[in-house]
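# Descriptive analysis of the structure
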Amino acid sequence: MTLQLLNTLRDQNPIVFNIANFVTVQDVANGLNALGASPIMSAEVQEAESMVQIAGAVCINMGTLTTQQVNQMAVVGKLANQYHKPVVLDPVAVGAVPYRKQVALDLLDKFSVDVIRGNAGEIAALADIDWQAKGIDAGAGQGDVVEIAKRCAQQFNCCVILSGPTDVITDGKRVAKVANGTPLFQLHVGSGDLLSSIVAAFAAVSPTAIYDAAQVACVVLAGAGELVASQMTAARPATFAIDLIDRLSLVSVQEIQAIAKLN
Ligand SMILES: Nc1ncnc2c1ncn2[C@@H]1O[C@H](COP(=O)(O)OP(=O)(O)O)[C@@H](O)[C@H]1O
Ligand SMILES: Cc1ncsc1CCOP(=O)(O)O
Ligand SMILES: [Mg+2]
């Protein structure tokens, strides 16, 4: 795993095609842009093939799905496989809403994804493990998050990021953990969505080493947030969100390297 991938991303400025949710779409676009990627959002199935062709990677976020959008997700996912573009799936709230879990399972049956990025409640639901998920949040489950993430990765033959106070990254065999971050991430809606899209951005510039790309994405976002929090004297969620975007644009490989808690 090399953090130099951050400089590669900034040099290449990859297009990341997002099927976004309507809650956090602007945060995700600005976060990707600040980092050095080139976001594009689309909700129109008629332009799916062009979108996939111009993109370096695709991020499919289930946050505010509609029947029409689920159809678009299936078309886009299949096209991404056909054009060999990495796909990241963010299964928002599948641990809390059975319909969403069924949609996610149907999508995972129709096309292959490179990364599933979710919180513990979402990854446990996909791995069929009991967990008390709460809405969009991880909730209060008990269990071994490494085993849950590994089981999900093996089941869907992909890389899994189970995010939280410590991010667990696994390809089903290897496991890495990122212990950077700040509880302020939980006070800002959209932190997870941004992580998923940042994973897609790094996958775009490292398509043959997705497991490495996933680790770099986790350490860059969590590290940038940690740097912002270290300069705040009180918890200010709105200021955090703005400062995070600034920090994503300014942060260097050396700054992340100096604080990285990756093993
Ligand atoms: N308590 C925490 N301490 C440190 N970092 C956190 C904490 N909770 C979440 N994060 C970070 O927030 C980001 C979003 O993760 P998470 O909150 O799990 O996603 P979601 O918003 O989808 O529930 C990740 O980068 C994760 O490392
Ligand atoms: C509040 C809300 N409702 C549907 S999607 C969404 C945002 C989820 O964002 P995140 O999972 O990144 O916290
Ligand atoms: Mg989420």
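Residues numbered from 1 in each chain as written. Chains lettered and ligands numbered in written order. Predicted model: local features only at pLDDT ≥ 70, side-chain atom pairs only at ≥ 80, totals over all residues. Heavy atoms only, no water.

## Examining helix H10 (residues 210–230)
With 21 residues, H10 extends 30 Å from end C-alpha to end C-alpha; this agrees with the ideal 30 Å at 1.5 Å per step. Across the 21 residues that make up H10, a large majority, 18, are buried. (Helix = DSSP H or I, 4+ residues; strand = E, 2+ residues; numbered from the N terminus. Expected span 1.5 Å × (residues − 1). Buried < 20%, exposed > 50% of the residue type's maximum accessible area, 1.4 Å probe, protein only.)

## Concerning the site of ligand 1
Lining the immediate environment of ligand 1, one finds 16 residues, of which Arg117, Asn119, Ser163, Asp167 and Thr182 sit closest. One of the backbone N or O atoms of Thr182 is found 3.3 Å from a nitrogen atom in ligand 1. Within the complex, 88% of the 550 Å² of free accessible area of ligand 1 lies under protein. More than half of the atoms of ligand 1 fall within 2 Å of the grid points belonging to the largest pocket. Contributing elements (two or more residues each) for the shell around ligand 1: strand E5 (115–119), helix H8 (184–187) and helix H9 (191–205). Per element, the largest residue contribution to the shell around ligand 1 is three residues, and it comes from H9. Considered class by class, the residues forming the shell around ligand 1 number six nonpolar, eight polar and two charged. (Near = heavy atom within 4 Å. Polar contact = N/O pair within 3.5 Å; in protein donor to acceptor, adjacent residues only side chain to side chain. Areas by Shrake-Rupley, 256 points an atom, 1.4 Å probe, with all protein chains shown as cover. 1 Å grid on protein atoms, 1.4 Å probe; cavity = no way out; pocket = protein on both sides within 12 Å on 5 of 7 lines; lining within 4 Å. Sits in = over half its atoms within 2 Å of the grid points. Nonpolar A, V, L, I, M, F, W, Y, C, P; charged D, E, K, R; others polar.)

## Thoughts on the pairing of strand E1 (residues 15–19)
With four of its five residues buried, E1 lies for the most part within the structure. Where E1 and strand E2 (residues 38–41) come together, four bridges link them in parallel fashion. When the sheet's bridge partners are listed, Asn18 is paired in E2 with Met41. The handedness of the E1 to E2 crossover, carried by helix H2 (residues 25–35), is right-handed. (Pairing = 2+ DSSP bridges. Right-handed = clockwise from strand over helix to strand, strands pointing away.)

## Some remarks on the packing of aromatic side chains
Counted by the stated rule, this structure contains one aromatic pair. Their ring planes at 90° and their centres at 5.3 Å tell us that Phe185 and Phe240 sit as a pair that is edge-to-face. Of this pair, Phe185 sits in helix H8 while Phe240 sits in helix H11 (residues 237–250), and the two are 55 residues apart along the sequence. We note that Phe185, like Phe240, is buried. (Phe/Tyr/Trp six-rings, centres within 6.5 Å; stacked < 30°, edge-to-face > 60°.)

## Thoughts on the site of ligand 2
In the region of ligand 2, the neighbouring residues are Asn21, Val23, Thr24, Gly63, Thr64, Ile136, Val189, Gly190, Ser191, Gly192 and Asp193. Backbone polar atom of Gly190 to an oxygen atom of ligand 2: 3.3 Å apart, as the coordinates give it. Between ligand 2 and Gly192, the relevant distance is 3.1 Å, taken from an oxygen atom to a main-chain nitrogen or oxygen of the residue. Summarising the interface, the protein chains cover 80% of the accessible area of ligand 2, which totals 370 Å² for the free molecule. Assessed atom by atom at 2 Å from the grid points, ligand 2 resides in the largest pocket. Taken together, the residues of the shell around ligand 2 sort by class into three nonpolar, seven polar and one charged.

## Brief notes about the UniProt feature "binding site: substrate" (unreviewed entry) in the protein
Per the UniProt record, "binding site: substrate" (unreviewed entry) is found at Met41 and Gly190. Lining residues of the largest cavity, restricted to the annotated ones just named, are Gly190. Classification of Met41 by relative accessible area gives partly exposed; the value is 27%. Apart from the residues lying within four places of it in its own chain, the contact partners of Met41 are Asn18, Ala20, Val25, Val28 and Ala29. What makes Gly190 buried here is its relative accessible area of 12%. (UniProt positions renumbered as here; feature names shortened; annotations may be inferred. Contact = heavy atoms within 4.5 Å.)

## Here we look at H11
Here H11 is 14 residues long and its end C-alpha atoms lie 20 Å apart, about the 20 Å a rise of 1.5 Å per residue gives. Elements that come into contact with the buried residues of H11 comprise helix H1 (5–12), H2, H8, H9, H10 and helix H12 (253–259).

## Considerations on the packing of H2 against H11
Packing of H2 against H11 brings their axes to within 7 Å, and their N-to-C directions diverge by 25°. The pairing of H2 with H11 is recorded here as roughly parallel in orientation. Residue-level contacts link Asp27, Asn30, Gly31, Ala34 and Leu35 of H2 to Ile245, Leu248 and Ser249 of H11. Residues belonging to the contact of H2 with H11 are distributed by class as follows: four nonpolar, three polar and one charged. (Axes fitted to C-alpha atoms, helices over the stretch in contact; angles between N-to-C directions. Parallel < 35°, antiparallel > 145°, perpendicular 65-115°, else oblique.)

## Re the nonpolar core
Counting 52 residues, the largest nonpolar core has Leu35, Ile169, Ile198, Phe202, Leu221, Leu244 and Leu248 as the members making the most contacts within it. The leading source of residues in this core is H10, at 14 residues. With 43 residues, the next largest nonpolar core counts Ala55, Met73, Ala120 and Leu162 among its residues. (Core = buried A, V, L, I, M, F, W, Y, C linked by side-chain atoms within 4.5 Å.)

## Points about the UniProt feature "binding site: ATP" (unreviewed entry) in the protein
The feature "binding site: ATP" (unreviewed entry), as annotated in UniProt, sits at Arg117 and Ser163 in this numbering. The named residues occupy 47 residues along the chain; their greatest pairwise C-alpha distance, 7.3 Å, places them in one compact cluster. Residues from the annotated list that form part of the lining of the largest pocket: Arg117 and Ser163. Residue placement: Arg117 occurs in strand E5. For Arg117, the residues in contact, after removing those within four places along its chain, are Leu89, Asp90, Pro91, Ile123, Ile161, Ser163, Gly192, Asp193, Leu195 and Ser196. A distance of 3.0 Å separates a polar atom in the side chain of Arg117 from the backbone oxygen of Gly192. With respect to the secondary-structure elements, Ser163 resides in strand E6 (residues 159–163). Among all residues touching Ser163, those that are not within four sequence positions of it are Arg117, Gly118, Asn119, Ala120 and Leu195. A polar atom in the side chain of Ser163 sits 2.7 Å from the side chain of Arg117.

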